[in-house]
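Residue strings, one per chain:
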Amino acid sequence: MRWFLALLLLISAGCGGDSDEVVVYTSVDPAYAEPIIDAFEQETGISVRLVVDTEATKSVGLAERLRAERDRPTCDVWWANEPFRTIRLADEDLFTSYTPADADAVPETLRDPDALWHSTGLRLRVLAIGDGVEGVTKLSDLTRPEIGQRAVVARPTAGTTGSHVAAIYLVLGDVEADALFADMHDAGVQIVAGNSYAAEAVARGEADFGLTDNDDVFAAQQRLSPDLQQVILSQGEGELGTLAMPTVVALTRKDRSDELDANAQKLVDYLVSRQVEDQLIQLGYAAASVRDAGGEEGGVRLIEVDYRAVAERLPVAIERATNLLETGRAE
């Protein structure tokens, strides 16, 4: 009987329905997320539990977990490293409308019209470049065999690489985008598990070029090589530009006590505040502020693309680009 009672206690403790802590699902790297959450806990006295994703399934694994928990969600606050999968989750009615105090400070293009998600801290797609290497500035450079065989790219099925390829398909069209990724395969570009692996491969001298995000380059500089460089993609006259990806925050749709609901809202307010955005920039995670974003940010040429259109194109684009990079064929 004692073992049976103990089992009941374990089951009830694992349900999470009566917990007063705020549970956050985040694809923001723990090195950046944890100090921000620690500061929030110290300022407010509210307990927060971070649930993070692995690098190889970045943002994808947690999205699937949220879907699986639709009928009995554990997550209170969603904090993602890009907006595109969040848009798809919002369309599936997994978030609830909530407007933070200074939401109007962010351009309408970078927040949901129904207040289902909000942005903070823009990141950029870049090339990690080895020390002393020059002359590579755009994706099409990776189609040259003398360059491609010394380059790595993260598999599009995980993280922001998938969002990037979806944006490329939208802007270039299927024929030109297919040709780009097939030519990258033929040039010898190697696939790695995630964006951090791409930056680290270049930092360790295993590759000269890596398609990745600005925060992954910064982290690799700190951990492995201060000589690692980055080039923002496609900034020349008439070139495509790079993809800017805000971090996004949403309040999940679930039954909460009044106190837990208020605490979750306080955390959303905190995460999208200018204070936290400035911290993300200072930590090297974000490259620029969403509050200052326009067609170009700080002189950076950005891909002109609708985020919702990217989100809708995501599954098909990821499948095509992954097949092309791995086999040279779209199917």
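Attention here is on the structure that accompanies the text. (Residues numbered from 1 in each chain as written. Predicted model: local features only at pLDDT ≥ 70, side-chain atom pairs only at ≥ 80, totals over all residues. Heavy atoms only, no water.)

So, on to the overall build of the protein chain. When you go through the protein chain residue by residue, the secondary structure sums to twelve helices and twelve strands. In terms of overall dimensions, the protein chain is globule-like: its C-alpha atoms have a radius of gyration of 21 Å, near the 20 Å expected for 331 residues. Across its three principal directions, the C-alpha atoms of the protein chain cover 70 × 50 × 40 Å. Each of the 331 residues in the protein chain was classed as buried or not, and the buried ones make up 52%. Split by element, the accessible area of the protein chain, about 14600 Å² in all, is 49% carbon and sulfur. Here the protein chain carries 29 positive and 57 negative side-chain charges, and the mean point of each set is 4 Å from the other. (Helix = DSSP H or I, 4+ residues; strand = E, 2+ residues; numbered from the N terminus. Rg over C-alpha atoms; globule rule 2.2 N^0.38 Å. Buried < 20%, exposed > 50% of the residue type's maximum accessible area, 1.4 Å probe, protein only. Areas by Shrake-Rupley, 256 points an atom, 1.4 Å probe, with all protein chains shown as cover. Lys, Arg positive; Asp, Glu negative; His and termini not counted. Charge placed at Lys NZ, Arg CZ, Asp CG, Glu CD.)

Running from N to C, helix 3 (residues 60-68) and helix 4 (residues 84-91) cross one another at 10 degrees; their axes reach a closest spacing of 11 Å. By the criterion of interaxial angle, the relationship of helix 3 to helix 4 is roughly parallel. Seen from helix 3, the contacting residues are Val 60, Ala 63, Leu 66 and Arg 67; seen from helix 4, they are Arg 85, Arg 88 and Leu 89. (Axes fitted to C-alpha atoms, helices over the stretch in contact; angles between N-to-C directions. Parallel < 35°, antiparallel > 145°, perpendicular 65-115°, else oblique. Contact = heavy atoms within 4.5 Å.)

Here helix 7 (residues 174-186) crosses helix 12 (residues 307-327) at 35 degrees, and the two axes come no closer than 7 Å. For the crossing formed where helix 7 meets helix 12, the hand is right-handed. Between helix 7, through Asp 174, Asp 178, Phe 181, Ala 182, Met 184 and His 185, and helix 12, the contact on the second element is made entirely by Arg 313, Arg 320, Ala 321, Leu 324, Leu 325, Glu 326 and Thr 327. The class makeup of the residues in the contact of helix 7 with helix 12 is six nonpolar, two polar and five charged. (Left-handed = near helix turned anticlockwise from the far one by under 90°. Nonpolar A, V, L, I, M, F, W, Y, C, P; charged D, E, K, R; others polar.)

What follows covers the nonpolar core. Of all hydrophobic cores here, the largest spans 77 residues; its most connected members are Tyr 25, Leu 66, Trp 78, Phe 84, Phe 95, Leu 142 and Phe 181. Not counting residues up to four positions away in its chain, the partners in contact with Phe 181 are Val 165, Ile 168, Tyr 169, Ala 321, Leu 324 and Leu 325. With 27 residues, the next largest nonpolar core counts Tyr 32, Ile 46, Val 272 and Tyr 285 among its residues. (Core = buried A, V, L, I, M, F, W, Y, C linked by side-chain atoms within 4.5 Å.)

Moving on to helix 8 (residues 195-203). Counting buried residues along helix 8, eight of its nine residues qualify, which places the element largely inside the surrounding structure. Taken residue by residue, helix 8 has Asn 195, Ser 196, Ala 198, Ala 199, Glu 200, Ala 201, Val 202 and Ala 203 as its buried positions. Residue Gly 205 follows helix 8 closely and has a positive phi angle near 80 degrees.

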